[in-house]
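# Commentary on secondary and tertiary structure
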Amino acid sequence: MNGTDYYNYFKLHPDQNGRYGKYGGAYLPPDLEKIMTEIRDAYDTISRSAKFISELRSIRKHYQGRPTPMYHAERLSQKLGPAQIYLKREDLNHTGAHKLNHCMGEGLLAVYLGKKKLIAETGAGQHGVALATAAAYFGLECDIHMGEVDIVKQAPNVARMKLLGAKVIPVSFGLKTLKEAVDSCFQAYMEDPISQLYCIGSVVGPHPFPMMVRDFQRIVGIEAREQFYDMTGDLPDIVTACVGGGSNAMGIFCGFLADPCEIHGVEPLGKGTKVGEHAATMTYGKEGVLHGFNSYLLQDETGEASPVYSIASGLDYPAIGPEHAFLRDSGRVQYVAVTDREAVEAFFMLSRVEGIIPALESCHALAHAIRLSRNSPTHSRSILVNLSGRGDKDMDYVIEQYGFGQDFQL
Ligand SMILES: *Cc1c(COP(=O)(O)O)cnc(C)c1O
């Protein structure tokens, strides 16, 4: 596969400059460059110390509830057959999604660095809630920048963040959504990089963020590989996960890069193929720079990020983590796209057949597994799906739009 050495992969990627092949890097104003170098150097030392590693282990076990289970979805598999579908249950992680994995890591790093406050942007509020949880746990202050439009739309998550003791900072310029919230948070960070740590929400942003977030999410893949082997005596034929920025996907993919498994990332095709109807970055984007890193980007002729849409607000981002761009070009990971409607069908199906209500984001990966199973009716493969989160947050919307699934052939 393009000569890439997957046995020594983590030693070699990213390189010294934060590059994954030609992707990644750190495109920053000079003020921030110095801060990022400091964080990277500190992270390199701290993350290798026995004390940090053992504290993070203890937090994962006693606070987050790790390891999360591996589950053989037998009834779903039987219904679709002959493929066998397995779920890595990140929905059972504390707060109901994988995001806490990197937020607890970033929070612990902040404590080691002597920071007082965690700051971040949030779109739908999922990252804000996870980070507010980490801040409460570590006794740190927390500012969450959020567009005014999103604050109105995501009232329950705004309430959660406030209950957890975070301050929600309304962003009132531009379109007042996620992109402006990132701009606002970068601004706040530059004003005081000493007492604050910026905790980005996915494997995106300037180096070292894509690497740190990946390293903290790697536990998902490490657990999954061992659990799968314990259960089946074998490795999965296909490993799949949904991709917004790409953190839950990188987490599980990391466990299988050196194995003879196919790996599939699943992007949101939304309502269709026109600009503004989807967020399928790999399918329709091309190389470009956004938020301090180089990757695939949905953009217009001038290089400006295009408007994006998905029914799953966690997938609604015009770029993708730089490591995914590298893994795609090297041929190790394939990227496919799933529509809103396919994701909603998977939402109803898993709820009804297995008693698990999945997040709409995770439904994209699940829908891909369902499609693979239906499209090869004679091929008994094992498919491991990263179930990145639970769907309680999506229930009201789905029911309002689609009722209880009466229009679907479940
Ligand atoms: C935020 C979110 C995602 C998308 O983020 P990635 O960084 O691409 O993993 C996926 N699933 C759930 C449940 C989320 O909350």
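My aim in this report is to walk through the structure given alongside it, one point at a time. Keep in mind it's a predicted model, so treat the numbers as computed, not measured. (Residues numbered from 1 in each chain as written. Predicted model: local features only at pLDDT ≥ 70, side-chain atom pairs only at ≥ 80, totals over all residues. Heavy atoms only, no water.)

## Structural notes on the sheet that holds strand 13 (residues 333-339)
What the 6 strands build is an open sheet, ordered 3-4-14-9-10-13; its pairing is mixed. Of all the strands in the sheet, the pair left with one neighbour each is strand 3 (70-72) and strand 13. Ignoring which end each strand starts from, the neighbouring axes of this sheet average 25° apart. Here 3 bridges tie strand 9 (residues 238-242) to strand 14 (residues 382-387), and the two strands are oriented parallel to one another. If you follow V239 over to strand 14, its bridge partner there is L384. (Pairing = 2+ DSSP bridges. Helix = DSSP H or I, 4+ residues; strand = E, 2+ residues; numbered from the N terminus. Axes fitted to C-alpha atoms, helices over the stretch in contact; angles between N-to-C directions.)

## A few points about the layout of surface pockets
Considered as a void within the structure, the second largest pocket measures approximately 800 Å³ in volume. Lining the second largest pocket are 25 residues, with Y43, S47, R48, D215 and R218 sitting closest to its centre. Of all elements in the fold, only helix 1 (9-12), helix 2 (30-46), helix 3 (50-64) and helix 10 (209-232) reach the threshold of two or more residues within the lining of the second largest pocket. Broken down by element, the lining of the second largest pocket gets its largest block of residues, 7 residues, from helix 10. In terms of residue class, the lining of the second largest pocket is made up of 11 nonpolar, 4 polar and 10 charged. Lining the lining of the second largest pocket are residues from two domains, each supplying at least three of them: domain 1 (20-61 + 99-210) and domain 2 (66-97 + 218-402). (1 Å grid on protein atoms, 1.4 Å probe; cavity = no way out; pocket = protein on both sides within 12 Å on 5 of 7 lines; lining within 4 Å. Points joined across faces, edges and corners; volume = space filled by probe spheres on them. Nonpolar A, V, L, I, M, F, W, Y, C, P; charged D, E, K, R; others polar. Domains from an automatic or database assignment.)

## What to know about the nonpolar core
Counting 81 residues, the largest nonpolar core has M161, Y189, Y198, I252, F256 and L327 as the members making the most contacts within it. Counting residues per element, this core draws most heavily on helix 10, at 9 residues. When residues of this core are sorted by domain, at least three fall in each of domain 1 (20-61 + 99-210) and domain 2 (66-97 + 218-402). Setting aside chain neighbours within four positions, we find F256 in contact with G221, A224, R225, L235, P236, V239, C261, I263, R332 and L384. Counting 36 residues, the second-largest nonpolar core is a separate cluster that includes V338, A346, I370 and L387. (Core = buried A, V, L, I, M, F, W, Y, C linked by side-chain atoms within 4.5 Å. Buried < 20%, exposed > 50% of the residue type's maximum accessible area, 1.4 Å probe, protein only. Contact = heavy atoms within 4.5 Å.)

## Side note on helix 3
Taking 1.5 Å of rise per residue, the 15 residues of helix 3 would be expected to cover 21 Å, and the 20 Å separating its terminal C-alpha atoms lies within 8% of that figure. Within helix 3, the full set of buried residues consists of F52, L56, I59, R60 and Q64. Buried positions in helix 3, seen along its axis, are confined to an arc of 100° and lie on one side of it. Exposed residues lying more than 90 degrees from the buried face of helix 3 are A50, K51, R57, K61 and H62. Buried residues along helix 3 sit against helix 2, helix 5 (99-112), helix 6 (126-138) and helix 10. Residue G65 follows helix 3 closely and has a positive phi angle near 90°. (Expected span 1.5 Å × (residues − 1). Arc of directions from axis to C-beta.)

## Description of the site of the ligand
Around the ligand, a shell composed of 17 residues is seen, among which K99, S202, G246, S247 and S388 lie nearest. Here H98 contributes a side-chain N or O atom positioned 3.0 Å from an oxygen atom of the ligand. Protein chains bury 97% of the 380 Å² of accessible surface belonging to the ligand in isolation. Taken together, the residues of the shell around the ligand sort by class into 4 nonpolar, 11 polar and 2 charged. Counting contributing residues per domain, the shell around the ligand is built from domain 1 (20-61 + 99-210) and domain 2 (66-97 + 218-402), each supplying no fewer than three. (Near = heavy atom within 4 Å. Polar contact = N/O pair within 3.5 Å; in protein donor to acceptor, adjacent residues only side chain to side chain. Areas by Shrake-Rupley, 256 points an atom, 1.4 Å probe, with all protein chains shown as cover.)

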